[in-house]
Amino acid sequence: QVRLVESGGGLVQAGGSLRLSCAASTSSFSINAMGWYRQTPGKQRELVASITSGDTTNYADSIKGRFTISRDNAKNTVYLQMNSLKQEDTAVYYCYANGRRASYLPAYNYWGQGTQVTVSS
């Protein structure tokens, strides 16, 4: 199976920064896009940021200008640099990778285990 390993979450004060990492288990995995969703109890899942294989990025309006997504193609790893964190950014952040294991298979979303980001006042 394709595994995505997330790291970098934690507890920070408002205005602080965190950097999330998400590494796919194999470099042979053909990835169309990677990114993060976040989810808080009582709220719907929200797409935070994504980056395509062509390095096209997309950001949620709520974080635009504060978060930056980037990728390391050689390591099949994406990073989410989160600056100027706000209390409303508190959530579990789930990395995803959209891709396929073979050209004849449909693309799927593969999910990381989630990492908790908590922003205190």
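Residues numbered from 1 in each chain as written. Predicted model: local features only at pLDDT ≥ 70, side-chain atom pairs only at ≥ 80, totals over all residues. Heavy atoms only, no water.

**Examining the sheet that holds strand β1 (residues 4–7)**
Here comes step 1: Spatial strand order, β1-β3-β8-β7: four strands in an open sheet with antiparallel pairing. If you trace the sheet from one side to the other, it starts and ends with β1 and β7 (67–72), each paired once. Adjacent strand axes in the sheet meet at a mean angle of 15 degrees when their direction is disregarded.
Here comes step 2: Sheet topology note: the β1/strand β3 (residues 18–24) ladder contains four bridges and is antiparallel. Pairing of leucine 4 across the sheet is with alanine 24, part of β3. (Pairing = 2+ DSSP bridges. Helix = DSSP H or I, 4+ residues; strand = E, 2+ residues; numbered from the N terminus. Axes fitted to C-alpha atoms, helices over the stretch in contact; angles between N-to-C directions.)

**Brief notes about the nonpolar core**
Here comes step 1: Membership of the largest hydrophobic core comes to 30 residues, with the highest contact counts inside it found for Trp36, Leu80, Met82 and Tyr93.
Here comes step 2: Of all elements in the fold, only β3, β4 (30–39), β5 (46–52), β7, β8 (77–82), β9 (91–100) and β11 (115–120) reach the threshold of two or more residues within this core. (Core = buried A, V, L, I, M, F, W, Y, C linked by side-chain atoms within 4.5 Å. Buried < 20%, exposed > 50% of the residue type's maximum accessible area, 1.4 Å probe, protein only.)

**Things to note about the pattern of salt bridges**
In a structure, side chains of opposite charge can pair up when their charged atoms sit close to one another.
Here comes step 1: According to the stated counting rule, one finds four salt bridges in the structure shown.
Here comes step 2: Across the pair arginine 38 and aspartate 89 runs a salt bridge whose closest N-O atoms are separated by 3.0 Å. Here the residue arginine 38 occupies a position in strand β4, and aspartate 89 occupies one in the loop between β8 and β9, the gap between them amounting to 51 residues.
Here comes step 3: Of the residues examined, aspartate 89 reaches a relative accessible area of 0% and is grouped as buried.
Here comes step 4: Here arginine 66 makes a salt bridge to aspartate 89, at a shortest N to O gap of 2.7 Å. One end of the pair, arginine 66, is in the loop between β6 (57–59) and β7; the other, aspartate 89, is in the loop between β8 and β9, and 23 residues separate them in sequence. When sorted by exposure, arginine 66 lands in the same class as aspartate 89, which is buried.
Here comes step 5: Each of Arg38, Glu46, Arg66 and Asp89 takes part in salt bridges that share partners, so that together they form one network. (Salt bridge = Lys/Arg side-chain N within 4 Å of Asp/Glu carboxyl O.)

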